[in-house]
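Report on the structure
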Amino acid sequence: MSHAAYATTGYDWASPAQATHTTTRTLKAQVLNFFRKPATVAIVNEIPVYGAIQKIRQLQSWGANWDGVDAVAVNAEAIARAIALLDQMYSITTQLYIDWSAPNVTASPHGEVVLEWWNREKKLTVYVSEAQSDFVKVWGPDIDEEMEDGILSDGQTASLLIWLEA
Amino acid sequence: MSSDSVADDEVLFRSVSSKHNQCTRDTSGRWKLSSQAFSDRYYKPSVDRAILCNSDPSHTQKSPKDGVVSVIAVEVRKIKDISQNDDKGNVITTHAFDVIPDADIPDNPAHALIVSTPDYCNSKVFKKLLERLRYIADRRGWMIEPQE
């Protein structure tokens, strides 16, 4: 299980200070259930980022020509990198108290994983390839004045999420 | 109408795959377009000319659940603000976009391509074009709404 999975499982539970006798018993039951496979799956499914990660994993089945017009199969390394990136982005949103919204998950015909978020007039597109991640920020139709692109570095991820949320 | 040129006022259809998440529903249930709705491996997004397919958007659907959006040829040709800069920010090239008939698909005489002059020297310009095309098509609305 990923770091995010553990973190979110803890996040969903009541804090010890708030726990009543009843909730303590409930917590014990949840802990026990957590290590039983069906319950583990149920809890993990509640994690906000999990659905998007599943969608990224499903891109493994998009083989060559998935679009019917010669698309390249989605790159396995790009899928692994996209999952790690999403995990990182989710961690940042919890640390910065930014609302998490699941991205649209698709692929480019060049084998990249494509993640897209919308917030009112703003849009963020992230292309994850086997080598790097690129972003396109959009806040209007004018390409020179209302779009910006670049290579996504670790330090930029938080600022992009803050920009999208603001 | 000659098929060897595309008039400025021609409507162009584009199929959008919901199966491949080229569109997604927002929280209000409205379908939003992904930038990948117009993507193409060879950087030449394909469209169908409405005038050559009886203005029937279903002609363009690749599968019954796919949506169909549209743009007008002149809206594509008016995109003149995509340039490539050098490291110092100086403009090296400004791209011009056109819609040209594509005779390479004999069973679809309506087929046309959105092309750039000059060709793209990297994918950055194309990615911005995709966002612009998405914006134009989104404003015009769905010719056929996709199904889940």
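As shown above, the structure is provided for reference.
Residues numbered from 1 in each chain as written. Chains lettered and ligands numbered in written order. Predicted model: local features only at pLDDT ≥ 70, side-chain atom pairs only at ≥ 80, totals over all residues. Heavy atoms only, no water.

Points about the overall build of chain A
The following threshold applies: By the criteria applied, helices consist of DSSP H or I runs no shorter than four residues and strands consist of E runs no shorter than two, each listed in order from the N terminus. Here's how the labels work: a residue is buried when its accessible area is under 20% of the maximum for its type, exposed when over 50%, partly exposed in between, all with a 1.4 Å probe on protein chains only. By the convention used here, residues are in contact when the closest approach between their heavy atoms is within 4.5 Å. Per-residue accessibility takes into account occlusion by the displayed protein chains alone, with areas from the Shrake-Rupley method and a 1.4 Å probe.
Summing up its helical and strand segments, chain A has seven helices and five strands in all. Mapped in sequence order, the helices and strands of chain A form the string α-α-α-α-α-β-β-β-β-α-β-α. Across the 166 residues of chain A, 45% fall into the buried class. Considering only residue pairs separated by 6 or more positions, chain A has 48% of its internal contacts joining residues 24 or more positions apart. On chain A, roughly 8600 Å² of surface is accessible, and the fraction owed to carbon and sulfur atoms is 54%.

Comments concerning the pattern of salt bridges
Defined as follows: When a carboxyl oxygen of Asp or Glu is within 4 Å of a side-chain nitrogen of Lys or Arg, the pair counts as a salt bridge.
Scanning the model with the defined rule gives twelve salt bridges over all chains in all. One salt bridge in this structure joins A:E112 and B:K127, with 3.3 Å as the shortest N-O distance. Remark: B:K127 occurs in helix 2 (residues 123–140) and A:E112 occurs in the loop between strand 1 (104–107) and strand 2 (113–119); the pair is interchain, linking two chains. Its salt-bridge partner being B:E10, residue B:R49 comes within 2.9 Å of it at the nearest N-O pair. Residue B:R49 is located in strand 4 (residues 46–49), and its partner B:E10 is located in the segment before strand 1 (11–16); the two are separated by 39 residues in the primary sequence. For the pair shown, B:R49 and B:E10 are each scored as buried.

Here's the deal with the interface of chain A and chain B
We apply this condition: The definition of a polar contact used here is a pair of N or O atoms within 3.5 Å, where within protein one atom must be able to donate a hydrogen and the other to accept one, and adjacent residues in sequence count solely through side-chain atom pairs. Three categories are distinguished: nonpolar for Ala, Val, Leu, Ile, Met, Phe, Trp, Tyr, Cys and Pro, charged for Asp, Glu, Lys and Arg, and polar for the others, with Gly belonging to the last.
Across the contact, 30 residues belong to chain A and 29 residues belong to chain B. The interface formed by chain A and chain B contains four salt bridges. Across the contact surface, chain A and chain B share 15 residue pairs in polar contact (both at pLDDT 80 or more). When residues of the side of chain A that touches chain B are assigned to their parent elements, the largest contribution, four residues, is made by strand 1 of chain A. In the side of chain A that touches chain B, the residues fall into 16 nonpolar, five polar and nine charged.

Describing the sheet that holds strand 9 (residues 111–117) of chain B
In a beta sheet, neighbouring strands pair by backbone hydrogen bonds and run either parallel or antiparallel. Residues and elements named next belong to chain B. Just so we agree on the cut-off: Pairing between strands is defined by DSSP: at least two bridges between them are needed. To obtain each axis, a line is fitted to C-alpha atoms, and for helices this fit is confined to the stretch in contact; angles are then taken between N-to-C directions over 0 to 180 degrees.
Ordered by their spatial adjacency, six strands build an open sheet running 8-9-4-1-5-10, and the pairing between neighbours is antiparallel. Strands with a single pairing partner mark the edges of an open sheet, and in this sheet they are strand 8 (96–101) and strand 10 (142–144). Shown here is a sheet whose adjacent strand axes are inclined to one another by a mean of 40°, direction ignored. With three bridges connecting them, strand 4 and strand 9 associate as antiparallel partners. Along strand 9, the bridge assignment pairs S46 with L113. Taken strand by strand, helix 2 contacts strand 1, strand 5 (67–72), strand 8, strand 9 and strand 10, and its axis lies near 100° from that of strand 5.

A few points about the pairing of strand 4 of chain B
Where strand 1 of chain B meets strand 4 of chain B, two bridges bridge the pair, whose relative direction is antiparallel. Following the sheet pairing, B:F13 is matched in strand 4 of chain B by B:D48.

Focus on the environment of A:W139
All names here are of chain A. Inspection of the secondary structure assignment puts W139 in the loop between strand 4 (133–138) and helix 6 (143–146). Considering only alpha carbons, one finds W139 and E121, 18 residues apart in sequence, at a separation of 5.6 Å. Beyond its immediate stretch of four places on either side in the chain, W139 contacts E121, K122, E145, E146, M147, E148 and W163.

Concerning the nonpolar core
All names here are of chain A. For the record, the criterion: Among buried residues, the Ala, Val, Leu, Ile, Met, Phe, Trp, Tyr and Cys ones that are joined through side-chain atoms within 4.5 Å form a nonpolar core.
With 35 residues, the main nonpolar core has I56, L86, V113, L115, W117 and V126 as its most contacted residues. Of all elements in the fold, only helix 4 (50–58), helix 5 (76–95), strand 1, strand 2, strand 3 (122–128) and helix 7 (154–165) reach the threshold of two or more residues within this core. If you tally residues by element for this core, the top one is helix 5, at nine residues. Discounting chain neighbours no more than four positions away, the residues touching W117 are L86, M89, W100, S101, A102, P103, K122, K123, L124, V126 and L164.

So, the side chain of B:S15
Residue and element names in this part refer to chain B. With respect to the helices and strands, the residue S15 is situated in strand 1. Taking the relative accessible area as the measure of exposure, S15 reaches 10% and is therefore buried. In terms of polar contacts, S15 uses its side chain to reach the backbone amide nitrogen of K62, at 3.3 Å. A distance of 3.5 Å separates the side chain of S15 from the side chain of D66, its partner in a polar contact.

Topic: the sheet that holds strand 4 of chain A
Residue and element names in this part refer to chain A. Strand order in the open sheet made by the five strands is 1-2-3-4-5, with antiparallel pairing throughout. Either end of the sheet is taken by a strand with one partner, and the two such strands are strand 1 and strand 5 (147–151). With direction set aside, neighbouring strand axes in the sheet form an average angle of 15°. Strand direction decides the pairing type here: strand 4 and strand 5, joined by five bridges, are antiparallel. Along strand 5, the bridge assignment pairs V136 with D149.

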